[in-house]
Amino acid sequence: MKPSMEENRLLEDMNEEDYEIEFPPRHSNRSTWTFRSILTCSLLILSISINIFQCWYFQNFASERSKHAGVTGGISRNFVTNTEWSSDNTTHADMLWTELSPDTGMVVVDADYSQKMGLYRTQPFPWDQSKNIYMLEGYHSLHCLMYIYRALREFEQGIPQTTPMHHHIHCLDALRENAICSADDTLRPAGSGQATPLVPEKQPRKQCRDWNQLERWAVENSACFKRYPDDDPKHRTLEEWRNCPENSQFMPLVNKFFNGS
């Protein structure tokens, strides 16, 4: 059907502008891409920085963590030639040496852990046969030093020795081994009265591990041990294994064994 004359006239009157579609103004994507680029570069730089830090950390600190307790280094202490433990006040020094607690270093670990780490065969824990008993080396050194100090004081006072000589020789040998193993290169001043810093504002420092970390680990893995003197009836009996710290998982077993509760 052909359009009428009126329709033809209307079509002719319509110009091209009637068919133009108005699009919304175009905004440049440049600002969006700039933000994305900055964000991407920032994340990349952050990732690289973290990787570099991790490499530096593991090379300088993680490698210094102790094998079992994970004790870290980096503790800086003033270098001193004498402490309270070498005081001329022997009463005070005796008290300090007596208060050392090497028994804290008696710990237990899972038998599977002993196997995995290739540890020495040792006696099982009386309150849990799946655990083995060990003594931390640092606490063994304190044990030896305490016994040697006591032997020297007994000798000085003319008191009969309470510990056999072979035990002292064993301790001296253990301390010798520790000295060689640690290969400590701290430079100690030679000669008496020479412990004065050459540069007063630069007090010599000694780098140490954190003993408090080791003690916390020892308490968390305590063997509930307290040594009694050789002449005490409780020596080498289960009485020595009933001294659990607070919140020890073995306390209920110990109480049930000794108290029936």
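The structure displayed is predicted, hence computed values, not measured ones.

J.: Which parts of the structure should I look at to understand the layout of surface pockets?
T.: Take a probe with the size of a water molecule and roll it over the atoms, and the empty space left behind shows itself. Considered as a void within the structure, the second largest pocket measures approximately 710 Å³ in volume. Lining the second largest pocket are 30 residues, with Thr-98, Met-146, Tyr-147, Arg-150 and Arg-227 sitting closest to its centre. Residue assignment for the lining of the second largest pocket shows that the elements contributing at least two residues are α3 (90–99), α5 (137–157) and α7 (211–220). With seven residues, the single largest contributor to the lining of the second largest pocket is α5. Here the lining of the second largest pocket is built from residues that sort into 13 nonpolar, nine polar and eight charged.

J.: Teacher, can you tell me more about the nonpolar core here?
T.: Across soluble globular proteins, you tend to see nonpolar side chains buried next to one another. In terms of nonpolar packing, the biggest core is built from twelve residues, these being Met-106, Val-108, Phe-125, Trp-127, Ile-133, Ala-223, Cys-224, Phe-225, Trp-241, Cys-244, Phe-250 and Val-254. Cys-244 has contacts with Cys-224, Phe-250, Met-251 and Val-254, leaving out every residue within four places of it along the chain. By size, the runner-up hydrophobic cluster in this structure holds nine residues, among which are Val-71, Val-107, Tyr-134 and Tyr-139.

J.: Explain the pattern of salt bridges to me, please; I cannot follow it from the model alone.
T.: When their charged atoms lie close together, side chains carrying opposite charge are able to pair. Tallying each qualifying case throughout the model produces seven salt bridges. Across the pair Asp-173 and Arg-176 runs a salt bridge whose closest N-O atoms are separated by 2.9 Å. Linking Asp-173 with Arg-176, this pair stays in helix α6 (residues 165–182), spanning three residues, or about one helical turn. Residue Asp-173 is classed as partly exposed on the basis of its relative accessible area, which comes to 39%. Arg-176 sits in the partly exposed class, given a relative accessible area of 40%. Here Arg-176 ties to Glu-177 by a salt bridge, and the two come within 2.8 Å at their closest N and O atoms. Glu-177 gets classed as partly exposed once you look at its relative accessible area, which sits at 43%. Overlapping salt bridges bring together Asp-94, Arg-153 and Glu-156 as one network.

J.: Explain the confidence of the model for the protein chain to me, please; I cannot follow it from the model alone.
T.: The predicted coordinates ought not to be read in detail in places where the model reports low pLDDT. Per-residue confidence for the protein chain gives a mean pLDDT of 81; residues scoring 70 or more make up 71%. Low pLDDT, under 50, characterises residues 53–59; the stretch is placed with four contacts to residues that sit more than four places away or in other chains.

J.: Where do I start with the state of the cysteines in this structure?
T.: Note: disulfide means a covalent bond formed between the sulfur atoms of two cysteine side chains. Evaluated as defined, the whole model comprises two disulfides. Here Cys-144 engages in a disulfide with Cys-171; their sulfurs sit 2.3 Å apart. Across the S-S bond of Cys-144 and Cys-171 the torsion is about -75°, and the bridge reads as left-handed. Residue Cys-144 is located in helix α5, and its partner Cys-171 is located in helix α6; the two are separated by 27 residues in the primary sequence. For the pair Cys-144 and Cys-171, one class covers both residues: buried. Across the disulfide, Cys-224 is cross-linked to Cys-244 (sulfur-sulfur distance 2.1 Å). Residues Cys-224 and Cys-244 share a disulfide whose torsion about the S-S bond is about 100°; that sign makes it right-handed. Here Cys-224, found in the loop between α7 and α8 (251–259), pairs with Cys-244, found in the loop between α7 and α8; they are 20 residues apart in sequence, far enough to count as distant. Residue class for Cys-224 comes out buried when judged on its relative accessible area of 0%. With its bonded cysteines labelled in order along the sequence, the protein chain shows the pairing 1-2, 3-4.

Thresholds applied
- Residues numbered from 1 in each chain as written.
- Predicted model: local features only at pLDDT ≥ 70, side-chain atom pairs only at ≥ 80, totals over all residues.
- Heavy atoms only, no water.
- 1 Å grid on protein atoms, 1.4 Å probe; cavity = no way out; pocket = protein on both sides within 12 Å on 5 of 7 lines; lining within 4 Å.
- Points joined across faces, edges and corners; volume = space filled by probe spheres on them.
- Helix = DSSP H or I, 4+ residues; strand = E, 2+ residues; numbered from the N terminus.
- Nonpolar A, V, L, I, M, F, W, Y, C, P; charged D, E, K, R; others polar.
- Core = buried A, V, L, I, M, F, W, Y, C linked by side-chain atoms within 4.5 Å.
- Buried < 20%, exposed > 50% of the residue type's maximum accessible area, 1.4 Å probe, protein only.
- Contact = heavy atoms within 4.5 Å.
- Salt bridge = Lys/Arg side-chain N within 4 Å of Asp/Glu carboxyl O.
- pLDDT = per-residue confidence, 0-100.
- Disulfide = S-S within 2.5 Å.

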